[in-house]
Amino acid sequence: MTEDERTSRLLSLSSADREALAADRALTAGLRRTLPADAFARTAALLMVDVPPGTDLPVSTWLSRRGRRWRACCGRPPWPNACSTRARG
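Since the structure is predicted, the reported quantities are computational estimates derived from the model, not experimental observations. All residue numbers here refer to positions counted from 1 along the written sequence of the relevant chain. In keeping with the model being predicted, local features are shown solely for residues with a pLDDT of at least 70 and side-chain atom pairs are shown and tallied solely at 80 or more, while totals for entire chains, interfaces and linings include all residues. Here the side-chain values reflect all heavy atoms present in the structure, with hydrogen atoms and water set aside.

(A) Up close: the overall build of the protein. Counting its secondary structure elements, the protein contains 6 helices and 0 strands. Reading the secondary structure of the protein in the N-to-C direction produces α-α-α-α-α-α. A contact between two residues is defined here by any heavy atoms of the two lying within 4.5 Å. Within the protein, residue pairs in contact and separated by at least 24 positions form 53% of the contacts whose partners lie at least 6 positions apart. The method behind every accessible area is Shrake-Rupley, applied with a 1.4 Å probe, and residues are considered shielded solely by the protein chains displayed. Total accessible area computed for the protein in this model is approximately 6,000 Å², and 53% of it derives from carbon and sulfur atoms. The way it works is that DSSP assigns letters per residue, a run of H or I at least four long becomes a helix, a run of E at least two long becomes a strand, and they are numbered from the N terminus.

(B) Structural context of the side chain of threonine 28. Its place among the elements puts threonine 28 in helix α3 (residues 25-34). What qualifies as a polar contact is a pair of N or O atoms within 3.5 Å, subject to a donor-acceptor requirement within protein and to the restriction that residues adjacent in sequence count only when both atoms come from side chains. A polar contact of 3.1 Å, which involves the side chain of threonine 28, links it to the backbone oxygen of arginine 25.

(C) Quick look at the pattern of salt bridges. Salt bridges are counted wherever a side-chain nitrogen of Lys or Arg sits within 4 Å of a carboxyl oxygen of Asp or Glu. Using the criterion set out here, one finds 2 salt bridges in the structure. Residues joined by salt bridges that share partners form a network here, namely Glu3, Asp38 and Arg42.

(D) Up close: α3. Exposure is judged per residue with a 1.4 Å probe applied to protein chains only, and the accessible area is read against the type maximum: over 50% gives exposed, under 20% gives buried, and values in between give partly exposed. For α3, the full list of buried residues reads Thr28, Gly30 and Leu31. Here the buried residues of α3 occupy an arc of 160° about the axis, which is enough to place them on one side. In α3, the exposed residues that point more than 90 degrees away from the buried face are Arg25, Ala26 and Arg33. Summarising the contacts, the buried residues of α3 are in contact with α2 (15-23) and α4 (37-48). In this structure aspartate 24 caps α3, since a side-chain oxygen of it lies 3.0 Å from the backbone nitrogen of alanine 26. What the arc measures is the spread of directions leading from the helix axis to the C-beta atoms.

(E) Inspection of the packing of helix α1 (residues 3-12) against α4 at higher detail. Orientation is described by lines fitted to C-alpha atoms, with helices fitted over the stretch in contact, and by angles between N-to-C directions that extend from 0 to 180 degrees. One can describe the packing of α1 onto α4 by two numbers: an axis separation of 10 Å at closest approach and a directional angle of 10°. With respect to α4, the axis of α1 lies roughly parallel. Contacts between α1 and α4 involve Glu3, Arg6, Thr7, Leu10 and Leu11 from the first element and Ala39, Arg42, Thr43, Leu46 and Leu47 from the second. Looking at the contact of α1 with α4 residue by residue, the classes come out as 5 nonpolar, 2 polar and 3 charged. The labels follow the angle: roughly parallel below 35 degrees, roughly antiparallel above 145, roughly perpendicular from 65 to 115, and oblique for the rest. In this classification, Asp, Glu, Lys and Arg are treated as charged, Ala, Val, Leu, Ile, Met, Phe, Trp, Tyr, Cys and Pro as nonpolar, and every other residue, Gly included, as polar.

(F) View of the side chain of threonine 43. Here threonine 43 lies in helix α4. Setting aside its immediate chain neighbours within four residues, threonine 43 contacts Arg6, Leu10, Leu31 and Leu35.

(G) Examining the environment of glycine 30 more closely. For glycine 30, the location among the structural elements is in helix α3. The class of glycine 30 is buried, set by a relative accessible area of 16%. Placed 10 residues apart in sequence, glycine 30 and phenylalanine 40 show a C-alpha to C-alpha distance of 10.0 Å.

The values are spatial; any link to function lies outside them.
In structure tokens form, the structure reads like this:
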């Protein structure tokens, strides 16, 4: 599955469904093992950041929140596998 397909499918889920996926340890471990660090961080951010329908939130703010989640999860990776290495570590 491409990252665009994964993003589209995750965004089509309800908040409760995304929250349930984020809480699934086996799923998150599998994603961490199989996705590159940057793709894992973006996917995790999609699962963790919830913007209620009807909220007037500029895209730049949404992207900023995703970026903060990425940094909280992984820091600023100086090499491609930094997130997966740190998350296991």
